[in-house]
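Each chain, letter by letter, is given below.
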Amino acid sequence: MGSNMMHLNGVWGLVILALDLWALVSIVTSGRSTGSKVLWALLVILLPVLGFLVWLVAGPRAASRNA
């Protein structure tokens, strides 16, 4: 049972890593200012799960959808 739990933790870690990389690529390729990109990137890097969720809801592309 312990081995299964470690395997699931590894899978979740890879999922979070992939989502954070996707967010970082989207941040860098967005049309926002450099300062905005740096702040979003720092948020995603320093707080991987929470930063990704905040970016998903309120990030640069979410702002352009509301315009």
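1. Things to note about the overall build of the chain
In terms of regular secondary structure, the chain is built from four helices and zero strands. If you list the helices and strands of the chain from N to C, you get α-α-α-α. In the chain, which comprises 67 residues, the share counted as buried stands at 22%. For the chain, the proportion of contacts with a sequence separation of at least 24, taken over those separated by at least 6, is 45%. Only carbon and sulfur atoms are counted for the fraction: they give 75% of the accessible area of the chain, which is about 4900 Å².

2. Points about the side chain of aspartate 20
Inspection of the secondary structure assignment puts aspartate 20 in helix α1 (residues 2-29). With residues near it in sequence (within four places) discarded, aspartate 20 still touches Val44, Pro48 and Phe52.

3. Observations regarding helix α2 (residues 34-46)
The terminal C-alpha atoms of α2 lie 18 Å apart, and with 13 residues this matches the ideal 18 Å at 1.5 Å per residue to within 8%. Every buried residue belonging to α2 is among Ser36, Trp40, Ala41 and Val44, and all of these are buried. On an axial view of α2, the arc spanned by its buried residues comes to 130°, and they lie on one face. Seen from the open side of α2, the exposed residues pointing more than 90 degrees away from its buried face are Thr34, Leu39, Ile45 and Leu46.

4. So, the nonpolar core
With six residues, the main nonpolar core is built from Ala23, Ile27, Trp40, Val44, Phe52 and Trp55. Where this core is concerned, the elements lending two or more residues are α1, α2 and α3 (48-58). Once you skip the residues sitting within four places of it in the chain, isoleucine 27 turns out to touch Lys37, Trp40, Ala41, Val44 and Trp55.

5. Brief notes about the confidence of the model for the chain
The predicted model of the chain averages 86 in pLDDT, with 82% of residues at 70 or higher. The weakest mean pLDDT in the chain belongs to helix α4 (residues 60-66) at 58; the strongest belongs to α2 at 95.

6. Comments concerning the environment of leucine 17
Structurally, the position occupied by leucine 17 is in helix α1. Among the residues examined, leucine 17 registers a relative accessible area of 47% and is labelled partly exposed. C-alpha separation for the pair leucine 17 and proline 48, spaced 31 residues apart in sequence, amounts to 7.9 Å.

Calculation rules
Residues numbered from 1 in each chain as written. Predicted model: local features only at pLDDT ≥ 70, side-chain atom pairs only at ≥ 80, totals over all residues. Heavy atoms only, no water. Helix = DSSP H or I, 4+ residues; strand = E, 2+ residues; numbered from the N terminus. Buried < 20%, exposed > 50% of the residue type's maximum accessible area, 1.4 Å probe, protein only. Contact = heavy atoms within 4.5 Å. Areas by Shrake-Rupley, 256 points an atom, 1.4 Å probe, with all protein chains shown as cover. Expected span 1.5 Å × (residues − 1). Arc of directions from axis to C-beta. Core = buried A, V, L, I, M, F, W, Y, C linked by side-chain atoms within 4.5 Å. pLDDT = per-residue confidence, 0-100.

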